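Chain by chain, the residues run as shown.
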Amino acid sequence: MLRTVLQLGLGRNLLIRGVGTRRGGSTLDWDGQVSEIKKKIQSVLPGGSWNPLYDSSHLPPEHSDVVIVGGGVLGLSVAYWLKKLEKQRGAIRVLVVERDHTYSQASTGLSVGGIRQQFSLPENIQLSLFSVNFLRNINEYLAVVDAPPLDLQFNPSGYLLLASEKGAAAMENNVKVQRQEGAKVCLMSPEQLQKKFPWINTEGVALASYGMEDEGWFDPWCLLQGLRRKVQSMGVLFCQGEVTRFVSSSNTMKTVSGGEVTMKRIYEVHVKMNNSLEYQPVECAIVINAAGAWSGQIAELAGIGKGPPGTLQGTKLPVEPRKRYVYLWHCPQGPGLETPLVTDTSGAYFRREGLGNNYLGGCSPTEEEEPDPGNLEVDHDFFQNKVWPCLAQRVPAFETLKVRSAWAGYYDYNTFDQNGVVGPHPLVVNMYFATGFSGHGLQQAPAVGRAVAEMVLEGHFQTINMNPFLFSRFYLGEKIQEQNII
Amino acid sequence: MAAPRASLRLVAPIWNGSTRSIHGLSGEMAPRGNQRKRTLLQLLTDCFCDVEALREYLLQKQLSNVHWKNRSFTHIEEQYGPYIGGAFFILKQGGAVKFQDKEWIRPDGRGRFSLEFLKFQAVPVEAVDASGCAINYQGLDNLLSMKELQSLSLKRCPHVDDWCLSHLHPLANSLQELLLAGCPQVTERGLACLHHLQNLRRLDISDLPSVANPGLTQILVEEMLPNCEVLGVDWAQSLKLELEEQPRDTA
């Protein structure tokens, strides 16, 4: 029985084959075709991989020219300038990958929102001046048809930096540089200070520098939402997810001295969807690392710093999260409407918040007492022991303050020299950085975004020379000397 | 972005209907016979691939128009000095200028003014009335070189905002009167930086729609500028009360 069936089958097979050859047309093997159809049927059955009704609209696109990791104010600013400076409308496809669209832990929304030109480095001053110009004309830069104008809530109250006798000479030099760059900053003696702000105790103050205009604070959330709105209208794609893997190709090259150098190029970014194992590989030409406090991890994913120590391959991106507290207090007898953002000689700062005698401020902890950045819990003892004594000493009215609330946020802290990292990585050639600004990223974001976009599109910085901020300084050990880090 | 896009589409058909020649904005419907029209259409589609793009362009045009109005007349300033340059700018905007010990100079209804003031090169400008002008931050630069300016009126200027107020500090030594009534963009945040103007004797901050708490703001501004008479809400309110009370008295 079995034999006859087999024979029949063989016979039919032979017959069909015969027919096929007689017709002489078909190039594909019949068996191959059958097995392919079988595979197709199998994949369509439940549990199979092919699903025509499967909705993939929540996934990011499969291809994108530029993938920006991090949708904070820096990432969005890069996206904005990339679209703004592109040669032809729609020439570049930009995808912004943001882990949390509520921005609950993002440094942007949790920051105090200050902007100042009182830096010591000309580049930092230029970045700030460019940004303040952007913010002043924000409704022109970020104008969207049929959308209401943005209300940035800029408080042009200025920054007041105090220096002790030790720091007076440095402050004088800094103000000279700031004035050369075009910032409206003036120096004040303790007597002048006392006259202008009678609520300040000038004990221990040798010199003060005060920003007359273009300095103050604004609503960071408004800038973020304005950028988001504009960038979306320019055709940038957004995706909520996490970058888990970079697929890269590597080329090994030999230097003149005989050492081996491995050049890497990322060609695929794996974006994992939130709360699921699903991921989408996104083919891309350029990756921009704007992940803020977590950009060190992203750089590690791309293999940066995974080499023998002391070499360029072994140089890590020295950016890590650092927790900073902001306290909001009420003080009925506190300084009035004219209060600028005051930075004390001790490093503590405060500013007015609204009209109801509320103030907010804080202080950066020393290197030894750095809190654990694992969560965003607030340490209230820190205010009692470290911040309040400094404040009460500087402003006697603050003896009787009452803390209303407090929150914590992350600095994208650059442990090497507390300054930003901008531009491409020398070995992972298509990863660009826009991170590490250690607390002044928000105020410089508009200018940094432009610098990165120029680097990507033109290959060099045009508006502001950001060469000192390149990654290679970590390997060469060239620290940027910026004295005014708050 | 769904909402603005939807409204854009609502606008598009009307626009297309009214301008027949640009009917086929997508380029596909362009008449093939007329080569010249086609290239024009292609040009249009290349430049404005969407009605949104066109409208965005018009929006930018509108914004740059304000900038153009606020350009400074550098050639006049170079030739005649900062006072004449600033005065020319204000008169061109439609405002009025008063040179020291001279009469007010105002443009007539058509915006024309006599150029007699060009000979007052050495005379400083004492007062500027820029009520209702389209002056903005950039245009304010023209006034900052007038070091003897005592009175500045920026009433009902639509483009004067907090940035402009923070820009006034170079006039701190001379400015005695500042009128900001009716500026739609001025808020308490900008008023806070008027403490630079320590010589201010009179400040009008009535009728500012963007100030959230006008009464409290006025008190705080009075505290901040103790030597200054501040006209605020209660001034406007008392005016209304008087108007209401008057008929009663007569009755």
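In what follows, the accompanying structure is described. (Residues numbered from 1 in each chain as written. Chains lettered and ligands numbered in written order. Predicted model: local features only at pLDDT ≥ 70, side-chain atom pairs only at ≥ 80, totals over all residues. Heavy atoms only, no water.)

Looking now at the overall build of chain B. Scanning chain B from terminus to terminus reveals 10 helices and seven strands. Of the contacts made within chain B by residues no fewer than 6 positions apart, 64% connect residues no fewer than 24 positions apart. For chain B, the exposed surface amounts to about 13700 Å²; the carbon and sulfur share of it is 52%. (Helix = DSSP H or I, 4+ residues; strand = E, 2+ residues; numbered from the N terminus. Contact = heavy atoms within 4.5 Å. Areas by Shrake-Rupley, 256 points an atom, 1.4 Å probe, with all protein chains shown as cover.)

Along chain A, the regular secondary structure elements total 13 helices and 17 strands. For 486 residues, the compact-globule estimate of 2.2 N^0.38 gives 23 Å, and chain A exceeds it by more than 25% at 29 Å. The C-alpha extent of chain A, read off along each of the three principal axes, is 115 × 55 × 45 Å. Among the 486 residues that make up chain A, the fraction classed as buried is 51%. In chain A, the share of contacts with a sequence separation of at least 24, taken over all contacts with a separation of at least 6, comes to 74%. When the accessible area of chain A is evaluated, it comes to approximately 22600 Å², of which 52% is carbon and sulfur surface. Looking at chain A, you have 44 positive and 47 negative side-chain charges, and the mean spots of the two groups are 9 Å apart. (Rg over C-alpha atoms; globule rule 2.2 N^0.38 Å. Buried < 20%, exposed > 50% of the residue type's maximum accessible area, 1.4 Å probe, protein only. Lys, Arg positive; Asp, Glu negative; His and termini not counted. Charge placed at Lys NZ, Arg CZ, Asp CG, Glu CD.)

Before going further, it helps to examine the sheet that holds strand β4 (residues 159-163) of chain A. Residue and element names in this part refer to chain A. Here we have eight strands laid out as an open sheet, ordered β5-β6-β4-β12-β13-β14-β11-β15, and mixed in their pairing. Of all strands in the sheet, those with a lone pairing partner are β5 (185-188) and β15 (402-414), marking the two edges. Strand-to-strand twist across the sheet, computed as the mean angle between neighbouring axes with direction ignored, equals 20°. Here helix α7 (residues 168-181) sits on the sheet in contact with β4, β5 and β6 (207-211), set at roughly 155° to β5. (Pairing = 2+ DSSP bridges. Axes fitted to C-alpha atoms, helices over the stretch in contact; angles between N-to-C directions.)

Residue and element names in this part refer to chain A. Strand β17 (residues 431-435) sits mainly inside the fold: five of its five residues count as buried. Residues M431, F433 and T435 point to one face of β17 and Y432 and A434 to the other, with burial holding for every one of them. Bridge count between strand β10 (residues 279-289) and β17: three bridges; the pairing is parallel. When the sheet's bridge partners are listed, I288 is paired in β17 with Y432. Note: strand β16 (residues 421-424) against β17, four bridges, orientation antiparallel. Within β17, the position partnered with G423 by the bridge is F433.

All names here are of chain A. Looking at the secondary structure, you find T435 in strand β17. At 3.3 Å, the side chain of T435 forms a polar contact with the backbone oxygen of G292. In this structure the side chain of T435 is engaged in a polar contact, spanning 2.7 Å, whose partner is the side chain of S295. Excluding its chain neighbours within four sequence positions, the residues that come into contact with T435 are N289, G292, S295, L317, V319, D412, G420 and V421. (Polar contact = N/O pair within 3.5 Å; in protein donor to acceptor, adjacent residues only side chain to side chain.)

Residue and element names in this part refer to chain A. Axis separation between helix α3 (residues 73-85) and helix α12 (residues 441-458) bottoms out at 7 Å; the angle between their running directions is 40°. In this view, α3 runs oblique relative to α12, as classed from their interaxial angle. Read as a crossing pair, α3 and α12 show a hand that is right-handed. Along the contact surface, α3 presents V73, L74, S77, V78, W81, L82 and L85, while α12 presents G441, L442, A445, P446, V448, G449, R450, V452, A453, E454, V456 and L457. Here the contact of α3 with α12 is built from residues that sort into 14 nonpolar, three polar and two charged. (Parallel < 35°, antiparallel > 145°, perpendicular 65-115°, else oblique. Left-handed = near helix turned anticlockwise from the far one by under 90°. Nonpolar A, V, L, I, M, F, W, Y, C, P; charged D, E, K, R; others polar.)

Right, let's get into the packing of aromatic side chains. Tallied over the entire structure, the rule returns 27 aromatic pairs over all chains. Judged by centre distance (6.0 Å) and plane angle (55°), the ring pair of A:W81 and A:F130 falls under tilted. One end of the pair, A:W81, is in helix α3; the other, A:F130, is in helix α5 (residues 122-136), with 49 residues separating them in the sequence. Taking relative accessible area as the criterion, A:W81 reaches 2% and is therefore assigned buried. A relative accessible area of 17% places A:F130 in the buried class. Each member of the aromatic cluster is reached from another via a ring pair, and the members are A:F197, A:W199, A:Y210, A:Y325, A:Y327, A:W329, A:F350, A:Y359, A:F382, A:F383 and A:F398. Here the basic side chain of A:R324 rests over the ring of A:Y411, its NZ or CZ set 5.0 Å away from the ring centre. The ring of B:W104 carries B:R106 above its face, with NZ or CZ at 5.6 Å from the centroid. (Phe/Tyr/Trp six-rings, centres within 6.5 Å; stacked < 30°, edge-to-face > 60°. Lys NZ or Arg CZ within 6 Å of the ring centre and 35° of its normal.)

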